[in-house]
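# Survey of secondary and tertiary structure
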Amino acid sequence: MKFGPIPIDAAEGAVLAHATAAAEKRFRKAHRLSAEDISMLKGAGVSQVVAAVLAPDDLGEDAAAQKIAESMTLGGIEAKPAATGRVNLHAKAAGIFTVSEAVIDAINAVDPAITIATLAQHAPVEKGQMVATVKIIPFAVSSSLVAAVAEICASGEVFAVNAYRSMRVGVIQTVLPGTKPTVLDKTLRVTEARLARSGGWLTAERRTPHEIAPVAEAAIALARDNDMVVIFGASAMSDFADVVPAAIERAGGTVIRAGMPVDPGNLLVLGTLGGKRIIGAPGCARSPKENGFDWVLDRLIAGLDVTARDIAGMGVGGLLMEIPTRPQPREPQPPKSRLKVGIVLLAAGRSSRMGGPNKLMALFDGQPLVRRTAERALASKASGTIVVTGHQRERVRGALSGLDVTFADNPDFADGLSTSLKAGTAYLPEDAAGAMIVLGDMPGVASDDLDRLIDVFRRAGGNSVIRATHQGKRGNPVLLPRSLFAAIAHLEGDTGARHLVEAEGLDVIDVEIGEGASVDVDTREALEGAGGVLQD
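The model shown is predicted, which means the values in this text are computed figures rather than measured ones.

### Here's the deal with the pattern of salt bridges
- Under the defined criterion, the tally for this structure stands at 15 salt bridges.
- Here Arg207 and Glu205 are joined by a salt bridge, their closest N and O atoms 2.6 Å apart.
- With relative accessibility at 37%, the residue Arg207 sits in the partly exposed group.
- By relative accessible area, Glu205 is classed as partly exposed at 27%.
- For the salt bridge of Arg467 with Asp510, the shortest nitrogen-to-oxygen distance reads 2.9 Å. Residue Arg467 is found in strand 28 (residues 465–470), and its partner Asp510 is found in strand 30 (residues 508–512); the two are separated by 43 residues along the sequence.
- Relative accessible area serves as the criterion here: at 17%, Arg467 is assigned to the buried category.
- Classification of Asp510 as partly exposed rests on a relative accessible area of 41%.
- If you follow the salt bridges from partner to partner, you end up with Asp185, Glu205 and Arg207 in one network.

So this is what it looks like as structure tokens:
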């Protein structure tokens with residue numbers, strides 16, 4: 001592949017490196033130039049373009065990424081369609097991510113043009129979460145490089161999501177004089193919540209004195225009818241011959257490892273009894289906060305073996321005291337009715353089809369269209385409104401003077417819709433469950449329409465795409481769940497929410513809001529027909 005300035009007469013079939021305009025026509029980045037395009041550009045006085053010219057044995061970025069993804073042996077993972085030289089891979093179910101680090105390192109050493117990034121080894125993932133991405137850096141790569149990567153992938157499974165299994169767990173809690181029943185009750189609630197994320201359940205509990213014999217007896221009884229036994233000691237383990245490890249051996253079991261290099265979680269005990277796993281939980285496991293107990297429990301529930309050597313290798317990254325990394329779904333969550341939705345109001349466009357005037361400044365009932373749209377957004381149930389500005393940014397800001405909105409400037413607005421989406425979502429707060437993308441030029445969308453979309457989003461648990469429709473035809477606004485925010489960051493060119501919805505494969509719920517979903521004002525005729533008056 002050759003890259004650089006190319007005379008326009010030699011550019012047919014080349015791939016544009018930058019967005020290029022010719023009169024009213026705008027060619028986006030990565031567009032492959034046709035003979036008709038060349039004629040139009042020459043007519044506009046363009047003498048050369050910066051572009052990539054593919055060699056006969058080159059593969060385009062999408063084809064190369066797709067071929068690499070298809071060559072991989074994966075477990076519990078699905079690949080999305082290639083776009084902008086990228087294939088994203090997502091978990092089919094909640095579980096634990098495992099990866100062959102040697103294979104990934106070997107692929108990334110083939111050539112800088114080909115990259116694969118993944119989550120960390122043994123990372124917990126939710127269903128639908130992106131776990132890896134294949135990205136081709138240039139517009140094309142040699143087919144020989146792709147073949148070299150495919151050969152590496154043929155060595156075995158590259159990565160997988162090991163799905164959680166539904167397990168029956170029995171719990172033993174030892175008691176000393178002064179042990180508070182409320183502490184024991186809370187421990188049960190926290191443990192039940194930990195198991196709930198994988199569909200498991202706590203079947204039985206035994207409370208015994210903090211002594212070897214009664215703990216051993218209870219362990220034998222619970223191991224018969226459960227997949228796993230967890231022991232919470234009233235006193236922390238202070239020696240490898242202390243009550244919990246000694247009780248496991250008294251019951252006829254084996255202690256695999258006592259003590260782990262994870263803090264909090266140092267005092268965990270792991271063993272086997274009658275072919276079942278038995279865990280002596282550290283005291284920190286009575287709290288829902290991430291600790292070493294989570295690391296061991298999750299792997300076992302996902303069907304992964306945990307050996308003494310595995311635990312010994314947890315020290316790097318094992319300091320969790322001040323840097324918890326795992327989300328804590330075990331903590332009480334806000335009810336669905338309180339899921340926060342932020343509005344991203346797109347107001348950066350150039351109104352090119354208007355032939356000059358900015359349509360967002362058109363007056364509706366004496367008020368600029370962009371202000372009318374912003375006021376309706378502010379009057380909705382949304383938690384906040386972010387206005388993305390670009391073309392005539394100062395004029396747009398002036399029209400919104402006094403309104404409680406957040407401005408997100410997009411200096412790259414000329415490069416396409418994706419840049420505004422990225423600029424706006426980057427301003428959303430961390431507790432936003434979704435982003436409603438509202439176009440600034442839709443005068444028929446009212447606050448009640450926005451509220452209907454938000455209500456449906458909340459009832460769906462905040463995990464679905466909610467799309468406004470008119471007479472069954474898709475329209476705008478579109479409400480995107482937080483799970484898509486990472487994908488928005490990878491969009492390029494004039495790509496919007498519609499492409500994202502189709503590419504990511506999430507559930508889509510259509511909501512009929514009437515004509516407002518399909519009425520935009522891209523032309524003078526449409527604007528005037530909707531009741532607007534253009535301003536210079």
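Anyway, onward from the coordinates.
### Regarding the sheet that holds strand 19 (residues 254–258)
- Sheet architecture is open: six strands sit in the order 17-16-18-21-20-19, paired in mixed fashion. Only two strands of the sheet have a single neighbouring strand rather than two, namely strand 17 (201–209) and strand 19. Each strand of the sheet is rotated relative to its neighbour by a mean of 20°, with strand direction disregarded.
- Summarising the sheet, strand 18 (residues 228–232) and strand 21 (residues 276–281) pair through five bridges and their orientation is parallel. Of the residues in strand 21, the one forming a bridge with Ile231 is Gly280.
- Each of strand 16 (168–175), strand 17, strand 18, strand 20 (269–273) and strand 21 is contacted by helix 6 (residues 212–225), which is oriented at about 165° to strand 17, the strand it contacts most.
- Contacts from helix 8 (residues 292–301) reach strand 18, strand 20 and strand 21, with the element oriented near 165° to strand 21.

### What to know about the environment of Leu403
- Looking at the secondary structure, you find Leu403 in the loop between helix 11 (393–399) and strand 26 (406–409).
- Along the backbone, Leu403 and Gly444 are 41 residues apart, and their C-alpha atoms lie at a distance of 20 Å.
- Not counting residues up to four positions away in its chain, the partners in contact with Leu403 are Arg371, Ala374, Glu375 and Leu378.

### Remarks on the confidence of the model for the protein chain
- Across the protein chain, the average pLDDT comes to 89, with 93% of residues at 70 or higher.
- In the predicted structure, residues 323–333 sits below a pLDDT of 50 and forms 20 contacts with residues beyond four places in sequence or in another chain.

### Some remarks on empty space enclosed by the protein
- Taken as a whole and assessed by the stated rule, the structure comprises two cavities of 30 Å³ or more.
- The wall of the second largest cavity is formed by Thr373, Arg376, Ala377, Val438, Leu439, Met442, Val445 and Leu450.
- Secondary-structure elements contributing two or more residues to the lining of the second largest cavity are helix 10 (369–378) and strand 27 (432–439).
- With three residues, helix 10 is the largest single contributor of residues to the lining of the second largest cavity.
- In the lining of the second largest cavity, the residues fall into six nonpolar, one polar and one charged.

### Thoughts on the pairing of strand 28
- Counting buried positions along strand 28 gives six out of six residues, so the element sits mostly inside the fold.
- Going residue by residue along strand 28, you find Val465, Arg467 and Thr469 tucked away on one face and Ile466, Ala468 and His470 tucked away on the opposite face as well.
- Note: strand 28 against strand 30, five bridges, orientation parallel. Its bridge partner lying in strand 30, Ala468 is registered against Val511.
- In this sheet, strand 29 (residues 473–481) lies alongside strand 28 in antiparallel orientation, the contact comprising four bridges. Each residue of the ladder has a partner; that of Thr469, found in strand 29, is Arg474.
- Linking strand 28 back to strand 29 in an antiparallel pair, the connection comprises two residues, with Gln471 at a positive phi of about 55°.

### Examining the packing of helix 6 against helix 7 (residues 243–250)
- The interhelical angle for the contact between helix 6 and helix 7, taken along N-to-C directions, is 55°, at an axis separation of 8 Å. When the interaxial angle is binned, helix 6 and helix 7 end up oblique. As for the relative orientation of helix 6 and helix 7, their crossing is right-handed in sense. In contact with Ile212, Ala213, Val215 and Ala216 of helix 6, helix 7 contributes Val243, Ala246, Ala247 and Arg250.
- Residues belonging to the contact of helix 6 with helix 7 are distributed by class as follows: seven nonpolar, no polar and one charged.

Rules behind the numbers
- Residues numbered from 1 in each chain as written.
- Predicted model: local features only at pLDDT ≥ 70, side-chain atom pairs only at ≥ 80, totals over all residues.
- Heavy atoms only, no water.
- Salt bridge = Lys/Arg side-chain N within 4 Å of Asp/Glu carboxyl O.
- Buried < 20%, exposed > 50% of the residue type's maximum accessible area, 1.4 Å probe, protein only.
- Helix = DSSP H or I, 4+ residues; strand = E, 2+ residues; numbered from the N terminus.
- Pairing = 2+ DSSP bridges.
- Axes fitted to C-alpha atoms, helices over the stretch in contact; angles between N-to-C directions.
- Contact = heavy atoms within 4.5 Å.
- pLDDT = per-residue confidence, 0-100.
- 1 Å grid on protein atoms, 1.4 Å probe; cavity = no way out; pocket = protein on both sides within 12 Å on 5 of 7 lines; lining within 4 Å.
- Points joined across faces, edges and corners; volume = space filled by probe spheres on them.
- Nonpolar A, V, L, I, M, F, W, Y, C, P; charged D, E, K, R; others polar.
- Parallel < 35°, antiparallel > 145°, perpendicular 65-115°, else oblique.
- Left-handed = near helix turned anticlockwise from the far one by under 90°.

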